[in-house]
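Topology and contacts: notes
The lines below spell out each chain.
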Amino acid sequence: MAHRALTIDGLRKAYGGKTVLDGVSFEVPAGQMVGIVGRSGAGKSTLLRCINRLVEADAGAIGWDGLDVRALQGGALLDWRARCGMIFQQFQLVDRMDALTNVLLGSVRRRRTLPLLFRVFPAADRAKALELLQQLDLGPQAGQTVKTLSGGQQQRVAIAKVLMQGVEVLLADEPVSSLDPENTRIVMDQLRHLQRTGGVTVLCNLHNLEVARSYCDRVLGLSQGRLVFDGSPQELTAGREESIYAGAR
Amino acid sequence: MNRLLWLAFAAFSAYAFWAVDLWPGRIWPGLGKLARISAELVPPDAGGQFLTLVFSLLETLGIALAATVMAAVLAFPLGLLGSAKVLPNWLWRWPLRRGMDLSRSIDALLWALLFVNAVGLGPFAGVMALMMVDLSTLAKLFSEAVDHSSPGPVEGVLAAGGNRWEVVRFGILPQVLPAFAAQALYYLESNVRHATILGVVGAGGIGMHLTDQLRVNEWQQVSMTILLILASVTAVDRLSRWARSELERGS
Ligand SMILES: Nc1ncnc2c1ncn2[C@@H]1O[C@H](COP(=O)(O)OP(=O)(O)OP(=O)(O)O)[C@@H](O)[C@H]1O
Ligand SMILES: [Mg+2]
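What counts and how
Residues numbered from 1 in each chain as written. Chains lettered and ligands numbered in written order. Predicted model: local features only at pLDDT ≥ 70, side-chain atom pairs only at ≥ 80, totals over all residues. Heavy atoms only, no water. Helix = DSSP H or I, 4+ residues; strand = E, 2+ residues; numbered from the N terminus. Buried < 20%, exposed > 50% of the residue type's maximum accessible area, 1.4 Å probe, protein only. Contact = heavy atoms within 4.5 Å. Salt bridge = Lys/Arg side-chain N within 4 Å of Asp/Glu carboxyl O. Polar contact = N/O pair within 3.5 Å; in protein donor to acceptor, adjacent residues only side chain to side chain. Nonpolar A, V, L, I, M, F, W, Y, C, P; charged D, E, K, R; others polar. Near = heavy atom within 4 Å. Areas by Shrake-Rupley, 256 points an atom, 1.4 Å probe, with all protein chains shown as cover. 1 Å grid on protein atoms, 1.4 Å probe; cavity = no way out; pocket = protein on both sides within 12 Å on 5 of 7 lines; lining within 4 Å. Points joined across faces, edges and corners; volume = space filled by probe spheres on them. Axes fitted to C-alpha atoms, helices over the stretch in contact; angles between N-to-C directions. Parallel < 35°, antiparallel > 145°, perpendicular 65-115°, else oblique. Left-handed = near helix turned anticlockwise from the far one by under 90°.

1. Concerning the side chain of Q213 of chain B
Residue and element names in this part refer to chain B. Take Q213: it is sitting in helix α9 (residues 207-215). For Q213, a relative accessible area of 5% corresponds to the buried category. With sequence-adjacent residues up to four places away left out, Q213 is seen in contact with L53, E218, Q221, V222 and T225.

Set out below in structure tokens:
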């Protein structure tokens, strides 16, 4: 407990002979907000997906609070996914269902499967979900089909969902890349708030360096599957920036 | 090679014309008879059997509805199991899909003949016959819809710690259920049309009366029966088309 951290050690992943993650190692102390930058195809999404095991890495270790993440199986793996939330550029919500149900799906691991399949949720959960939506200024939209919400609203529903989930680690894969500046600010403020007041460890892929600079404690630079930068936003000078984004294709 | 194929085609066509005795001279007397029959069709008259006709029409609608509901209920799990998104590396998928192809390639009327032999005359054979054809088609269409569903919601549920059931329920079903319901409704329409003819082979419904009336040349009753069929087919079409447009709007 003294040293809670997310540790990534020598992580490798290849797709059909093409190396995507080439021995990535770093450690994130609990409660830090880390931005991950790098050009398209550098392996940022793959890295996050390995952490919650949506993708299986080929080699290396992932640890969180004494947990050997890569060894988890069955229910223990699902438990880990519940502790480690993810939000996506394309939101990945159940877009034909209403916002409230989507938020309630954050509690999927804590509740019994059968009632859930019939969309029966405990009253306390419904109240909590509604409260979370209200906190995110989405009270009036609780009953609205997600598909009909704007991008910014959908991403806020996704945030309410991980709040419902009660995550310890949050993986955010370009959460603001399809949003306008106003919504970018709202969403990034929320992530920052989650980290500051909730103590959530946040790993956030970003393709806008300015956003990384103004919101993150620390920036990781990935290039062709390798970690080429690890430092504070201040250390990310124009020269270092170039080295992250250079790299032959 | 191409020329050879054409030659074979022409030869077979010539044989076919000869075999069915297709000859312009035959159609004229036939047309004359048709004209006489048309005159005898009016006015439509139930011959005092109006209620009987209405009841067997209801039976026809019942056959169509029961067959569609049973087919949909069975096609639902089969369709899900038939998709790689639900059961990856499932050994039985291939035989399942081929079996479906087979049962679909046999016409409903043929199934009806088989079932009349197996379970006896009556509407039950009709229900089974229509169901056999629809079950396989619906299951296949449903499987394909599941295959082509978008991976986004699935990821969303997985990332929250959802298990297999929850992934299917929330990641896949909301995407494919409206289309599935629309397809089932479409089959209801087509089943009502098919069910009217099943009586011809003794598998229940209005077709039985139609065959009898034709046999004894009761042309006024024939026209009455056809009018009733037309009315009910149109009514079901309207209803189902409305329901489908509602589904589309809701989704
Ligand atoms: N499922 C997959 N099958 C094959 N190749 C894949 C798969 N997923 C990713 N890749 C490849 O892995 C490489 C890294 O992909 P990844 O999505 O991790 O990059 P990224 O840094 O997130 O890029 P972007 O900024 O465009 O999102 C790319 O070359 C991509 O084509
Ligand atoms: Mg990416």
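Anyway, onward from the coordinates.
2. A short note on helix α1 (residues 44-51) of chain A
All names here are of chain A. With seven of its eight residues buried, α1 lies for the most part within the structure. Residues K44, T46, L47, L48, R49, C50 and I51 constitute the buried set of α1. R53 sits one or two positions beyond α1 and adopts a positive phi of about 65°.

3. Section: the interface of chain B and chain A
Contact residues are listed per partner, giving 19 residues for chain B and 25 residues for chain A. Counting across the interface, chain B meets chain A through one salt bridge. For the salt bridge of E155 of chain B with R49 of chain A, the shortest nitrogen-to-oxygen distance reads 2.2 Å. Linking chain B with chain A are six residue pairs in polar contact (both at pLDDT 80 or more). Elements with a minimum of two residues in the side of chain B that touches chain A: α7 (152-159) and α8 (164-198) of chain B. Residues that form the side of chain B that touches chain A fall into these classes: nine nonpolar, seven polar and three charged.

4. Notes on the site of ligand 1
All names here are of chain A. In the vicinity of ligand 1, the contacting residues are Y15, K18, V20, R39, S40, G41, A42, G43, K44, S45, T46 and E174. Measuring from an oxygen atom of ligand 1, one finds a backbone N or O atom of G43 at 2.9 Å. Contact with the protein chains covers 58% of the free accessible surface of ligand 1, which is 630 Å². When contributions to the shell around ligand 1 are tallied by element, the ones reaching two or more residues are β2 (18-29) and α1. With three residues, the single largest contributor to the shell around ligand 1 is α1. Partitioned by chemical class, the residues of the shell around ligand 1 number three nonpolar, five polar and four charged.

5. Focus on the layout of surface pockets
Taken as a whole, the largest pocket spans an internal volume of roughly 370 Å³. Along its surface, the largest pocket is lined by 14 residues, and F76, L80, W165, V168 and L173 of chain B are the ones closest to its centre. Looking at the lining of the largest pocket, the elements that each hand over two or more residues are α4 (113-117) of chain A together with α3 (50-81) and α8 of chain B. No other element matches the five residues that α8 of chain B contributes to the lining of the largest pocket. Here the residues of the lining of the largest pocket sort into 12 nonpolar, no polar and two charged. Looking at the second largest pocket, its volume works out to about 260 Å³. Partitioned by chemical class, the residues of the lining of the second largest pocket number seven nonpolar, two polar and three charged.

6. A short note on the packing of helix α6 (residues 123-147) of chain B against α8 of chain B
Helices that pack against each other are described as a pair by the angle of their axes relative to one another and the distance between those axes. All names here are of chain B. Relative orientation of the contacting elements α6 and α8 amounts to 155°, with a least axis distance of 10 Å. By the angle between their directions, the pair α6 and α8 is classed as roughly antiparallel. As for the relative orientation of α6 and α8, their crossing is right-handed in sense. Contact with α6, carried on its side by G126, L130, D134, T137, L138, L141, F142, A145 and V146, involves I172, L173, V176, F180, Q183, A184, Y187, N191, H194, A195 and L198 of α8 and no other residues of that element. Residue composition of the contact of α6 with α8, grouped by class: 14 nonpolar, five polar and one charged.

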